[in-house]
Each structure stands twice: as structure tokens, then as C-alpha cells.
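Chain by chain, the residues:
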Amino acid sequence: MDVILFGAPGAGKGTQAAILAEKTGLVHITTGELFREAIRQETELGKQAKPYYDGGQLVPDRLTIAMLLERLSQSDCARGAILDGFPRTLEQATALDEALAQEGKAIDKVIYIQVPENELLGRLSGRWNCRQCSSVYHERFQPPRQAGRCDQCSGELYQRDDDKPETVRRRLEVYAQQTAPLIDYYRAKGKLVEIDGGKSVEEVAKGLLAAVEGS
Ligand code: AP5
């Protein structure tokens, strides 16, 4: 099964993808994290992606599609994957459809996590991530047991550079202009399932699992 978790920056895609991956055994692939790792490692891809990432812009399709398809071709994705943060443009969506079709597969479901825009800024400004295992926390909504330390691996927590208010505003604009049109693309294909992402993490996870299982 291949599932896309879709939604605005801060909607909870990463939080929910991690829970869903644990429940289903599917691999969680997040293009944002792949870029962060490439930037940290200062790879050629990281150097090319950095100015776009830092500015809250989308990394060009050519780079993003090649990176994602390479990751999807790895053996741990044979049973399927949860895609978080991809696709974000029509070109990415059609490239994904074509690549899956070549293997006789197709996206099973696109779960659209809907959160009111006025809540997104507060979620992103209070977010903390683990440097080691990428677990996600929020200083008010999902605090770690010990401030600054990850519950899972005791790694150091940090705030993402692109969560600065001006970069968040740019990311929300980019989402509205370039990514939100994909809602109609997947709705027309009959793949879109909309869920209310404004509830607690546990309630959203329940709704998401039900949506994936088709109940
Ligand atoms: P990426 O890392 O994908 O960022 P994003 O899509 O903006 O999404 P976020 O990670 O910010 O939010 P999320 O929905 O995962 O929310 P989270 O679960 O963390 O992309 C970053 C950059 O990489 C892009 O700007 C671009 O440059 C590049 N990029 C990536 N993919 C690309 C692509 N396909 N094409 C081109 N460029 C690409 O939750 C947010 C906070 O809310 C957390 O603190 C969490 O604890 C809290 N929270 C979660 N759920 C709840 C809840 N139910 N109630 C209360 N709080 C909650």
C-alpha cells in the first residue's frame, strides 16, 4: 500500500506518519527530512537544495523527483510507503504516478489532514525536533518528558531554521499557490480522503488509521 499524507506546513503530517508507520509497518518517507540530512551532510544535493530550503521555497522538481524515486526504489519500500511532503507540485504528482504505473502499482489513498490556517503558525513556532531520530514535539501540545531531550532516544531537541515566522509565512504562501491545487487532482481521481487535523494527536491518529483501512 502506498499512501500520501497531504496538508499544509504544520498540519501534523510528520507526527501522524510516524504513528501510522509504527501501526502498519509501512516505511515513512519524508522529503523534508531527506533534504535536511543532505544539507547537514553537505552533499551535492544538499548544497543545491539549501538556498531553496532556507528561503521556504520548494526545491526544484528535477532534484526532488530524482531523490524521492531513488528512495522509493529501495527494497524496504517493496510493501509500500507513507509519503510525507511529496508530491507538492503537479509535476511531482505525475512523475510519481508514472513511476508506480511502471511497476503495475498506483497510489492507494491520499489523506488530506485539514487544519485551520490560524493554528498552523502556533504549531510551527512551538515545534522541537530530535537531532538524532527526528521525533517531533511541541512545547505545549506534545512536550517531551525532559525539556530539550527526546523521549525516544535522549537525543538533543532543536528548532528548525525554516520555522522562523517570516519563513513560515513564505512556506504557507508556497503551499497555497503550488501545492494546494493537488487536492483537486487527487479528488478527481477518487483518491482523496479528508480528515479533521484540528483535534488531538491521538484523535487524528484514530481517524487516519480508519481512513487508511477504508472504514
Ligand atoms: P517539510 O519538512 O516537509 O515541511 P512541511 O511540509 O512544511 O511540513 P512540516 O514538517 O513543517 O509540518 P508537518 O505537517 O510534518 O507537521 P508536524 O507533524 O511536524 O519541508 C521543508 C522544506 O523542504 C520545504 O519548505 C522545501 O524547501 C523542501 N521540500 C520538502 N519536500 C519537498 C518537495 N516535495 N518538493 C520541493 N521541496 C520540498 O507538526 C507540527 C507541530 O505541531 C509539531 O510541533 C507537533 O508536535 C504539533 N502537532 C502535530 N499534530 C498536532 C495536533 N493534532 N495538535 C496539536 N499539535 C500538533
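All figures in this text were calculated on a predicted structure; none of them were measured in a lab. (Residues numbered from 1 in each chain as written. Predicted model: local features only at pLDDT ≥ 70, side-chain atom pairs only at ≥ 80, totals over all residues. Heavy atoms only, no water.)

Novice: Summarise the sheet that holds strand β2 (residues 27-30); cite the residues concerned and give the values.
Specialist: The 5 strands are arranged β2-β3-β1-β4-β8 in an open sheet whose pairing can be described as parallel. The open sheet has two free edges, formed respectively by β2 and β8 (192-196), since each of these has just one partner strand. Across this sheet, the average inter-strand angle for adjacent strands is 20°, counted without regard to direction. As defined by bridge partners, strand β4 (residues 109-114) adjoins β8 across 5 bridges and the pair is classed as parallel. When the sheet's bridge partners are listed, Tyr-112 is paired in β8 with Glu-194. Lying over the sheet, helix α2 (residues 31-41) contacts β2 and β3 (81-84), oriented at roughly 65° with respect to β2. (Pairing = 2+ DSSP bridges. Helix = DSSP H or I, 4+ residues; strand = E, 2+ residues; numbered from the N terminus. Axes fitted to C-alpha atoms, helices over the stretch in contact; angles between N-to-C directions. Contact = heavy atoms within 4.5 Å.)

Novice: Can you lay out unusual backbone geometry for me, pointing to particular residues and giving the numbers?
Specialist: The residue after Phe-86, namely Pro-87, is reached through a cis peptide bond having omega 0°. Tracing the chain through its elements places Pro-87 in the loop between β3 and α5 (90-102). Phi at Glu-42 takes a positive value of approximately 55°, unusual for a residue other than glycine. Tracing the backbone shows Glu-42 in the loop between α2 and α3 (44-54). For Ser-154, which is not glycine, the phi torsion reads 65° and is therefore positive. Within the element layout of this structure, Ser-154 appears in the loop between β6 (136-138) and β7 (157-158).

Novice: Could you give an account of the nonpolar core, with specific residues and numbers?
Specialist: Where a protein is soluble and globular, its nonpolar side chains tend to be buried together. In terms of nonpolar packing, the biggest core is built from 45 residues, with Leu-83 and Leu-96 touching the most fellow members. Not counting chain neighbours up to four residues away, the residues in contact with Leu-96 comprise Ile-4, Leu-68, Leu-72, Leu-83, Phe-86, Pro-87 and Ile-107. One finds Ile-39, Tyr-53, Val-59 and Met-67 within the second-largest nonpolar core, a separate group that totals 7 residues. (Core = buried A, V, L, I, M, F, W, Y, C linked by side-chain atoms within 4.5 Å. Buried < 20%, exposed > 50% of the residue type's maximum accessible area, 1.4 Å probe, protein only.)

Novice: Describe the site of the ligand, with residues and values.
Specialist: Near the ligand there are 36 residues, and of these Thr-15, Arg-88, Arg-127, Gln-142 and Arg-171 occur at the shortest range. Interatomic distance of 3.5 Å between a backbone N/O atom of Val-201 and a nitrogen atom of the ligand. Bound to the protein, the ligand loses 97% of the 1,000 Å² it would expose on its own. Of all the secondary structure elements, the ones that give two or more residues to the shell around the ligand are α1 (13-24), α2, α6 (117-125) and β6. Tallying contributions element by element places α2 first for the shell around the ligand, with 4 residues. Each residue belonging to the shell around the ligand can be placed in one class, and the counts come to 13 nonpolar, 14 polar and 9 charged. (Near = heavy atom within 4 Å. Polar contact = N/O pair within 3.5 Å; in protein donor to acceptor, adjacent residues only side chain to side chain. Areas by Shrake-Rupley, 256 points an atom, 1.4 Å probe, with all protein chains shown as cover. Nonpolar A, V, L, I, M, F, W, Y, C, P; charged D, E, K, R; others polar.)

Novice: Explain the packing of helix α4 (residues 61-72) against α5 to me, and be specific about the residues and the numbers.
Specialist: Interaxial distance between α4 and α5 falls to 10 Å at its minimum, and their mutual angle equals 30°. The angle between α4 and α5 places the two elements in the roughly parallel class. Between α4 and α5 lies a crossing of right-handed hand. For the pair α4 and α5, the contacting residues are Asp-61, Thr-64, Ile-65, Leu-68, Leu-69 and Leu-72 in the first and Glu-91, Gln-92, Ala-95, Leu-96 and Ala-99 in the second. Broken down by class, the residue content of the contact of α4 with α5 amounts to 7 nonpolar, 2 polar and 2 charged. (Parallel < 35°, antiparallel > 145°, perpendicular 65-115°, else oblique. Left-handed = near helix turned anticlockwise from the far one by under 90°.)

Novice: If you had to explain the packing of α6 against helix α7 (residues 165-179) to someone new, which residues and values would you point to?
Specialist: Two elements in contact, α6 and α7, have axes whose closest approach is 11 Å; the angle formed by their N-to-C orientations is 140°. The angle between α6 and α7 falls in the class oblique. Pair α6 / α7 crosses with right-handed handedness. Touching Glu-117, Leu-120, Leu-121 and Leu-124 of α6 are Val-168, Arg-171 and Leu-172, all from α7. Partitioning the contact of α6 with α7 into residue classes produces 5 nonpolar, no polar and 2 charged.

Novice: Can you lay out the packing of aromatic side chains for me, pointing to particular residues and giving the numbers?
Specialist: What the rule picks out here adds up to 3 aromatic pairs. Aromatic side chains Phe-6 and Tyr-175 sit 6.2 Å apart centroid to centroid with 50° between the ring planes, which places their arrangement in the tilted category. You can see Phe-6 sitting in strand β1 (residues 3-6) and its partner Tyr-175 sitting in helix α7, a full 169 residues away along the chain. Across the pair, exposure class does not vary: Phe-6 and Tyr-175 are buried alike. (Phe/Tyr/Trp six-rings, centres within 6.5 Å; stacked < 30°, edge-to-face > 60°.)

Just geometry here; none of it tells us what the structure is for.
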